[in-house]
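# Descriptive analysis of the structure
One-letter residues, chain by chain:
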Amino acid sequence: MNTVFVGGDYGSFNPENPRALNAYGDFCVTRLGEAVRPQTLVVFASACFESDGERVPGYFKVEAPSLTARRWPRKYQRGAPATMFGQVDFRYDDRAITAMLDGHVELLDFQQLSDMRRWSNQAAETDDSDFTLTTP
């Protein structure tokens, strides 16, 4: 699940923390009606993790390409550690299965999932594909 930008990651980036809200505004969609583009907002994506040097399908959260800075590399590298791509697993012919907030699913490649407008409501609102959370 895209926990930081949809629903909330109360462990690491709490959307109800007054300091985070003051710094970044309403960065997390917590109600369906808040979404600017529910048809493109990623909620779930195929994921994986590494355990004892082995790639294991499935993981409980996926992380966007950017938060306060870019976190993913600009180019996809097959076989790279899952942490390089926010645990997103491009195991379906170099694409990931994604579920959008409106309920439909899509197979998306690395380039498509590098677009922050698919991860962040604020990015969609400002039409900024390279969006990062910044303080005003």
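Before any of the text, the structure's been laid out above.
Attention in this report is confined to the structure presented alongside it. From a predicted model like this one, the values you see are computed outputs, not experimental measurements. (Residues numbered from 1 in each chain as written. Predicted model: local features only at pLDDT ≥ 70, side-chain atom pairs only at ≥ 80, totals over all residues. Heavy atoms only, no water.)

On a plain count of helices and strands, the chain comes out with three helices and five strands. The C-alpha atoms of the chain give a radius of gyration of 14 Å, which matches the 14 Å a tight globule of 136 residues would have. Taken along the three principal axes of its C-alpha coordinates, the chain extends 40 × 30 × 25 Å. Out of the 136 residues belonging to the chain, those deemed buried represent 42%. A gap of 3 Å separates the mean positions of the 14 positive and 19 negative side-chain charges of the chain. (Helix = DSSP H or I, 4+ residues; strand = E, 2+ residues; numbered from the N terminus. Rg over C-alpha atoms; globule rule 2.2 N^0.38 Å. Buried < 20%, exposed > 50% of the residue type's maximum accessible area, 1.4 Å probe, protein only. Lys, Arg positive; Asp, Glu negative; His and termini not counted. Charge placed at Lys NZ, Arg CZ, Asp CG, Glu CD.)

This part is about a nonpolar patch on the surface. The grouping of Tyr92, Ile97, Val105 and Leu107 at the surface amounts to a nonpolar patch, some 330 Å² of accessible area in total. Position of Tyr92 relative to the elements: it lies in the loop between β3 (54–57) and β4 (95–100). (Patch = residues over 30% accessible without salt bridge, like charges linked within 9 Å, V, L, I, M, F, W, Y side chains within 5 Å. Areas by Shrake-Rupley, 256 points an atom, 1.4 Å probe, with all protein chains shown as cover. Salt bridge = Lys/Arg side-chain N within 4 Å of Asp/Glu carboxyl O.)

Moving on, we get to the pairing of strand β2 (residues 48–51). Across four bridges, β2 lies against β3 in antiparallel orientation. Looking across to β3, one finds that Phe49 is bridged to Val56. (Pairing = 2+ DSSP bridges.)

Attention shifts here to the nonpolar core. Core analysis: the largest hydrophobic core is formed by 27 residues, its most contacted members being Phe5, Trp72, Val88, Phe90, Leu113 and Trp119. In contact with Val88, not counting residues within four places along its chain, are Ser46, Ala47, Val62, Trp72, Ala82, Ala96, Leu113 and Trp119. Counting residues in hydrophobic clusters, the runner-up holds six residues, among them Val29, Ala35, Leu41 and Leu101. (Core = buried A, V, L, I, M, F, W, Y, C linked by side-chain atoms within 4.5 Å. Contact = heavy atoms within 4.5 Å.)

Take the packing of aromatic side chains next. A complete count under the given rule lists 14 aromatic pairs for this structure. Ring geometry for Phe13 against Phe27: centres 5.0 Å apart, planes inclined by 75°, an arrangement best described as edge-to-face. Placement of the pair is Phe13 in the segment before α1 (18–24) and Phe27 in the loop between α1 and β1 (42–45), with a sequence separation of 14 residues. Residues Phe13 and Phe27 agree in their burial class; the two are buried. Between Tyr76 and Phe110, the ring centres sit 5.8 Å apart and the planes meet at 35°, which makes this aromatic pair tilted. Taken together, the residues span a long stretch of sequence, with Tyr76 in the loop between β3 and β4 and Phe110 in helix α2 (residues 110–113) at a distance of 34 residues. With relative accessibility at 23%, the residue Tyr76 sits in the partly exposed group. (Phe/Tyr/Trp six-rings, centres within 6.5 Å; stacked < 30°, edge-to-face > 60°.)

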